[in-house]
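Fold and contact review
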Amino acid sequence: MNVQKTASYVFTKICSAAVLFTVCGFAGWVYETALTSYLWGRYAERGYLHIPVLPVYGVFAFLLILILKKCRRWFAVFAGGMIVSTALELVSSYIIEAVIHQKLWNYSSWDFNFQGRISLYSSLIFGAMSVLLIKAVYPAVRKFRKKTSENVVRTIGICCIAVISLDFIYTLTQK
């Protein structure tokens, strides 16, 4: 494989990863907005950015895929996803709070929580979401990448990267 083909392949993989990141970030926004709206009894838009994408879900998705993509049994994916997501959520809560000086979530009102940062209920939900990610979302995005022309994947990926990056920069300068 020559350098030009290798660079083209890598660029397409990056763009495909951006699509997956955006899909998972949007799914996280839908989940959190729906759950919080239900719990609060009124519409509650969730997220740090202005667009309906929660980047933490995209990051977690990549880590979960790296760790769990070879698991064949759904229960192993569920348990592994539950454990990994809970650990990541706990660690990221400290990092996010230290970096942006805000607490982006709080489970204090939920039973079985630790410092409002993690909760048994959210861990169970993340286990179920991990099964969906590994058994449905990730395979669907891979199938999309294989069935779609490289130019389309690149265009969508570049748009995802640009919109999320611009919103992130805008959000940081506004807060």
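Residues numbered from 1 in each chain as written. Predicted model: local features only at pLDDT ≥ 70, side-chain atom pairs only at ≥ 80, totals over all residues. Heavy atoms only, no water.

1. Points about the nonpolar core
By size, the foremost hydrophobic cluster in this structure holds 14 residues, and its most contacted members are L20, I65, L133 and I134. Of all the elements in the fold, those that place two or more residues in this core are α1 (3–40), α2 (55–68), α3 (74–100) and α4 (120–147). Sort the elements by how many residues they give to this core and α4 lands first, with 5 residues. The contacts of L133, once residues within four sequence positions are left out, are C24, A61, L64, I65, Y138 and P139. With 9 residues, the next largest nonpolar core counts W29, Y57, W105 and F126 among its residues. (Core = buried A, V, L, I, M, F, W, Y, C linked by side-chain atoms within 4.5 Å. Buried < 20%, exposed > 50% of the residue type's maximum accessible area, 1.4 Å probe, protein only. Helix = DSSP H or I, 4+ residues; strand = E, 2+ residues; numbered from the N terminus. Contact = heavy atoms within 4.5 Å.)

2. Topic: the environment of T22
Structurally, T22 is set in helix α1. What T22 contacts, discounting residues up to four positions off in sequence, is V53, C160 and I164.

3. Focus on the packing of α3 against α4
Where α3 contacts α4, the axes come no closer than 7 Å and their chain directions differ by 125°. Taken together, the axis directions place α3 and α4 in an arrangement best described as oblique. Considering the relative orientation of α3 and α4, their crossing is right-handed. Taken together, the residues of α4 that come into contact with α3 (itself represented by W74, V77, F78, G81, M82, S85, T86 and E89) are S122, S123, L124, F126, G127, A128, S130, V131, I134 and K135. Looking at side-chain class alone, the contact of α3 with α4 contains 9 nonpolar, 7 polar and 2 charged residues. (Axes fitted to C-alpha atoms, helices over the stretch in contact; angles between N-to-C directions. Parallel < 35°, antiparallel > 145°, perpendicular 65-115°, else oblique. Left-handed = near helix turned anticlockwise from the far one by under 90°. Nonpolar A, V, L, I, M, F, W, Y, C, P; charged D, E, K, R; others polar.)

4. Here's the deal with a nonpolar patch on the surface
Residues Y9, V10, I14 and I161 make up a contiguous nonpolar surface patch of roughly 350 Å² in combined accessible area. With 3 residues, the single largest contributor to the nonpolar patch is α1. When you line up the elements, V10 lands in helix α1. (Patch = residues over 30% accessible without salt bridge, like charges linked within 9 Å, V, L, I, M, F, W, Y side chains within 5 Å. Areas by Shrake-Rupley, 256 points an atom, 1.4 Å probe, with all protein chains shown as cover. Salt bridge = Lys/Arg side-chain N within 4 Å of Asp/Glu carboxyl O.)

5. Let's talk about the environment of G25
With respect to the helices and strands, the residue G25 is situated in helix α1. Taking relative accessible area as the criterion, G25 reaches 0% and is therefore assigned buried. Note: C-alpha distance between G25 and L54 (29 residues apart in sequence) is 4.5 Å. If we ignore the near neighbours within four places in the chain, the residues touching G25 are P52, V53, L54, Y57 and G58.

6. Some details on unusual backbone geometry
A positive phi is found at F112, a non-glycine position, where the angle reads about 55°. Here Q115, not a glycine, exhibits a phi torsion of approximately 55°, which is positive. Tracing the chain through its elements places Q115 in the loop between β1 (113–114) and β2 (118–119).

Structural measurements only, silent on function.
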